[in-house]
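Residue-level structural notes
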Amino acid sequence: MELTFNKVSESQWEATFEASSDFNIHLERNNKGSITIAQRTAASGLFAPAFNIDSHQSSPVFDFDFGALVYPKWIKVISSSEVIKGEVTFA
């Protein structure tokens, strides 16, 4: 599934999706920068931070597998650098 990122501010791009099983997120960005993955198990409401990489530890390419015990989950991906390509692959 292709992720569509929306520019929220000068240094924040966001995309959301529903995960019904374990998944991988692949991002290609124009620069390194922080990445936060937030989640919620309710269909609506606020997201809770679940995973974070700060800009000093990041690279322009992000590729990570995620798994959980409870599905579905709603996932928000937040990047401080513009995302050129974003994809989610499910198990």
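Attention in this report is confined to the structure presented alongside it. All values derive from a computational prediction rather than experimental measurement.

**Quick notes on the side chain of His 26**
Inspection of the secondary structure puts His 26 in strand S3 (residues 23–29). Among the polar contacts made by the side chain of His 26, one reaches the side chain of Glu 28 at a distance of 2.8 Å. A distance of 2.7 Å separates the side chain of His 26 from the side chain of Asp 63, its partner in a polar contact. Contact partners of His 26, with chain neighbours within four places excluded, come to Val 61, Phe 62, Asp 63, Lys 85, Gly 86 and Glu 87.

**Some thoughts on the sheet that holds strand S5 (residues 48–53)**
Strand order across the open sheet formed by 5 strands is S1-S2-S7-S4-S5, with antiparallel pairing between neighbours. Each edge of the open sheet carries a strand with a single partner, namely strand S1 (6–9) and S5. Geometrically, the sheet is characterised by an average inter-axis angle of 30° between neighbouring strands, direction not taken into account. The pairing of strand S4 (residues 35–40) with strand S7 (residues 73–79) spans 6 bridges and is antiparallel. From the neighbouring strand, Ile 35 faces S7, where its bridge partner is Ser 79.

**Side note on the sheet that holds strand S6 (residues 61–66)**
The 3 strands lie next to each other as S6-S3-S8, forming an open sheet whose pairing is antiparallel. The outermost strands of the open sheet, each flanked by one partner alone, are S6 and strand S8 (83–90). The average undirected angle you get between the axes of adjacent strands in this sheet is 10°. Summarising the sheet, S3 and S8 pair through 7 bridges and their orientation is antiparallel. Its bridge partner lying in S8, Ile 25 is registered against Val 88.

**Remarks on unusual backbone geometry**
Across the junction of Tyr 71 and Pro 72, the peptide omega takes the value 0°, indicating a cis bond. With respect to the element layout, Pro 72 can be found in the loop between S6 and S7.

**Regarding the nonpolar core**
Of all hydrophobic cores here, the largest spans 19 residues; its most connected members are Phe 17, Ile 25, Leu 27 and Val 77. At the level of secondary structure, the elements contributing two or more residues to this core comprise strand S2 (12–19), S3, S4, S5, S6, S7 and S8. The biggest single contributor to this core is S2, with 4 residues. Ignoring sequence-local partners within four residues, the contact set of Val 77 consists of Leu 3, Phe 5, Trp 13, Glu 14, Ala 15, Phe 17, Ile 25, Leu 27, Thr 36 and Ile 37.

**Describing the pairing of S7**
The buried fraction of S7 is high, at 7 of 7 residues. Judged by which residues are buried, S7 turns out to be covered on both faces: Lys 73, Ile 75, Val 77 and Ser 79 on one side and Trp 74, Lys 76 and Ile 78 on the other are all buried. One ladder, built from 7 bridges, connects S2 with S7; its direction is antiparallel. Of the residues in S7, the one forming a bridge with Ala 15 is Val 77.

Criteria and cut-off values
The residue count restarts for each chain, going from 1 along the sequence in the order it is written. It should be noted that, the model being predicted, local features are given only for residues of pLDDT at least 70 and side-chain atom pairs only at 80 or more, the latter also being counted only at that level, while totals for whole chains, interfaces and linings use all residues. For side-chain calculations, the full set of non-hydrogen atoms in the structure is used, while hydrogens and water are omitted. We count a stretch as a helix when DSSP gives it H or I for four or more residues in a row; a strand needs E for two or more, and each element gets its number in order from the N terminus. Whenever a nitrogen or oxygen atom comes within 3.5 Å of another N or O atom, the pair is scored as a polar contact, on the condition that within protein one atom can donate a hydrogen and the other can accept it, and that pairs from neighbouring residues in sequence are kept only if both atoms are in side chains. Whether two residues are in contact is decided by their heavy atoms: any pair within 4.5 Å suffices. Strand pairing follows a simple DSSP-based rule, namely that at least 2 bridges must link the two strands. Every axis corresponds to a line fitted to the C-alpha atoms, with the helix fit spanning only the stretch in contact, and the corresponding angles, defined between N-to-C directions, vary from 0 to 180 degrees. We call a set of buried residues a nonpolar core when its members are Ala, Val, Leu, Ile, Met, Phe, Trp, Tyr or Cys and they connect through side-chain atoms within 4.5 Å of each other. Three labels apply to residues, based on accessible area from a 1.4 Å probe with only protein chains included: buried if under 20% of the type maximum, exposed if over 50%, partly exposed otherwise in between.

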